[in-house]
Amino acid sequence: MSMMLARMAAWLFRKLQGAELHLALAGLRARGQDIHPSATFGPRVQLRIADAATLRVGPDVEVLHDSWLIAHPGNTLELGERVFVSQHCTISGDVRIGRDTLIAGFVTIIDANHRFSDTTRPIREQGGASAPIVIGEDVWIGSNAVILSGVRIGDHAVVAANATVTHDVPDWAVVGGTPARVLRDRREG
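These figures come from a predicted structure and were not determined experimentally.

Peer 1: So what about the sheet that holds strand 8 (residues 84–85)? Which residues, and what values?
Peer 2: Here we have 8 strands laid out as an open sheet, ordered 2-5-8-11-16-19-21-22, and mixed in their pairing. A strand with exactly one partner marks an edge of an open sheet, and here the two such strands are strand 2 (40–41) and strand 22 (181–185). As judged from the 2 bridges shared by strand 16 (residues 140–141) and strand 19 (residues 158–159), these two strands associate in the parallel manner. From the neighbouring strand, Trp140 faces strand 19, where its bridge partner is Val158.

As structure tokens, then:
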């Protein structure tokens, strides 16, 4: 009997998680956020979109389980058509991602960073700075990559797994490392 109750409780818990996401999407749409009906969101996806932020999710976007989409007041968070976001990703701030881009698992894309130049004050007291991130079309970002504030990643680029992107990436470039550097041009084999 206790096994049956445990199974029922697990089933109900999964259903409630889906209901929470459904209600969040309905609330965002009611507030005028542009979420295409064909976009899909996996279990436990968190949508933290401030009232004064803009969310645009294009057709056939897919966001897998346990990922977070966060936009603060004044931010625009945009996922172009057919963008794929794998599991456990965080996309936060003023971020635009072009169509047909693939984002592997555990990627972090954040438009803000801490200031730390004043050595007489703790870092936590120095505030932060933010700058928009633009990711082009047909980009592939490998697992565990980190994309930092103010970066532009060009169309058709590839970011290797575990790379930390701190500077702009040209169109067609393959980058890797920490900090990421250009390894080659995709058109050159």
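Peer 1: Talk me through the side chain of Ser92; I want residue IDs and the actual numbers.
Peer 2: Looking at the element boundaries, Ser92 is found in strand 9 (residues 90–92). For Ser92, a relative accessible area of 9% corresponds to the buried category. Once residues within four sequence positions are removed from consideration, Ser92 is found in contact with Ile70, His72, Ile109, Ile110 and Asp111.

Peer 1: Give me the lowdown on the pattern of salt bridges, citing residues and values where you can.
Peer 2: Across all of its chains, the model carries 11 salt bridges by this definition. In this structure, Arg31 engages Asp51 in a salt bridge whose closest nitrogen and oxygen atoms are separated by 3.3 Å. With a gap of 20 residues between them, Arg31 in the loop between helix 1 (2–30) and strand 1 (34–35) and Asp51 in the loop between strand 3 (46–49) and strand 4 (54–57) connect regions that are remote in the sequence. With a relative accessible area of 39%, Arg31 lands in the partly exposed category. Residue Asp51 is classed as exposed on the basis of its relative accessible area of 68%. With a closest N to O distance of 2.9 Å, Asp94 and Arg96 form a salt bridge. Classification of Asp94 by relative accessible area gives buried; the value is 14%. Three or more residues are tied together by salt bridges with common partners; here these are Glu81, Arg82 and Asp100.

Peer 1: Report on the sheet that holds strand 1, specifying residues and quantitative values.
Peer 2: Read across the open sheet, the 6 strands follow the order 1-4-7-10-15-18; overall the sheet is parallel. Two strands lie at the open edges of the sheet, namely strand 1 and strand 18 (152–153), each paired on one side alone. Pairing between strand 7 (residues 76–79) and strand 10 (residues 95–97): 3 bridges, direction parallel. Among the inter-strand pairings, Leu77 is bridged to a residue of strand 10, identified as Val95.

Peer 1: Got a sec to walk through the environment of Gly93? Specific residues and values, please.
Peer 2: Of note, Gly93 is situated in the loop between strand 9 and strand 10. Those residues within four positions of Gly93 in sequence are excluded, and the remaining contacts are Ile70, Ala71, Asn75, Thr76, Leu77 and Asp111.

Peer 1: Give a description of the nonpolar core that names residues and reports values.
Peer 2: Membership of the largest hydrophobic core comes to 43 residues, with the highest contact counts inside it found for Phe41, Ile109 and Ile141. When contributions to this core are tallied by element, the ones reaching two or more residues are helix 1, strand 3, strand 4, strand 6 (68–71), strand 7, strand 10, strand 15 (133–135) and strand 21 (173–176). Looking at this core element by element, the count peaks at 3 residues for helix 1. Apart from residues lying up to four places away in sequence, Phe41 is in contact with Leu21, Leu25, Ile35, Leu47, Val57, Val63 and Leu69.

Peer 1: Please give an account of the side chain of Asp94 that cites residues and values.
Peer 2: Within the element layout of this structure, Asp94 appears in the loop between strand 9 and strand 10. Looking at Asp94, its side chain comes within polar contact range of the main-chain nitrogen of Thr76, at 3.3 Å.

Peer 1: A description of the pairing of strand 21 should follow, citing residues and the corresponding values.
Peer 2: The alternating pattern of strand 21 places Ala173 and Val175 on one face and Val174 and Gly176 on the opposite face, and all of these are buried. Bridging between strand 19 and strand 21 involves 2 bridges; their strand directions are parallel. By the bridge assignment, Val159 is partnered in strand 21 with Val175. Alignment of strand 21 against strand 22, held across 4 bridges, turns out to be antiparallel. Residue Gly176 lies in a different strand from strand 22, and its bridge partner there is Arg181. If you look at the hairpin formed by strand 21 and strand 22, you'll find 4 residues sitting between the two strands, and Gly177 has a positive phi there, around 100°.

Parameters at a glance
Just so you know, the residues in each chain are numbered from 1, in the order the chain's sequence is written. In keeping with the predicted nature of the model, local features appear solely for residues at pLDDT of at least 70, side-chain atom pairs appear and are counted solely at 80 or more, and the whole-chain, interface and lining totals rest on all residues. Heavy atoms from the whole structure form the basis of all side-chain values; hydrogens and water molecules are not counted. DSSP calls a pair of strands paired once it identifies at least 2 bridges connecting them. Starting at the N terminus, helices and strands are each numbered in turn, a helix being any DSSP run of H or I of at least four residues and a strand any DSSP run of E of at least two. Relative accessibility thresholds used throughout: buried, under 20% of the residue-type maximum; exposed, over 50%; partly exposed, between the two (1.4 Å probe, protein chains only). Residue contacts are counted whenever heavy atoms from the two residues lie within 4.5 Å of one another. Salt-bridge detection follows one rule: a side-chain nitrogen of Lys or Arg within 4 Å of a carboxyl oxygen of Asp or Glu. Only buried residues count toward a nonpolar core, which is a set of Ala, Val, Leu, Ile, Met, Phe, Trp, Tyr and Cys residues joined through side-chain atoms within 4.5 Å. Distance and chemistry together define a polar contact, namely a pair of N or O atoms within 3.5 Å, with one atom able to donate a hydrogen and the other to accept it when in protein, and with adjacent residues in sequence counting only for side-chain atoms on both sides.

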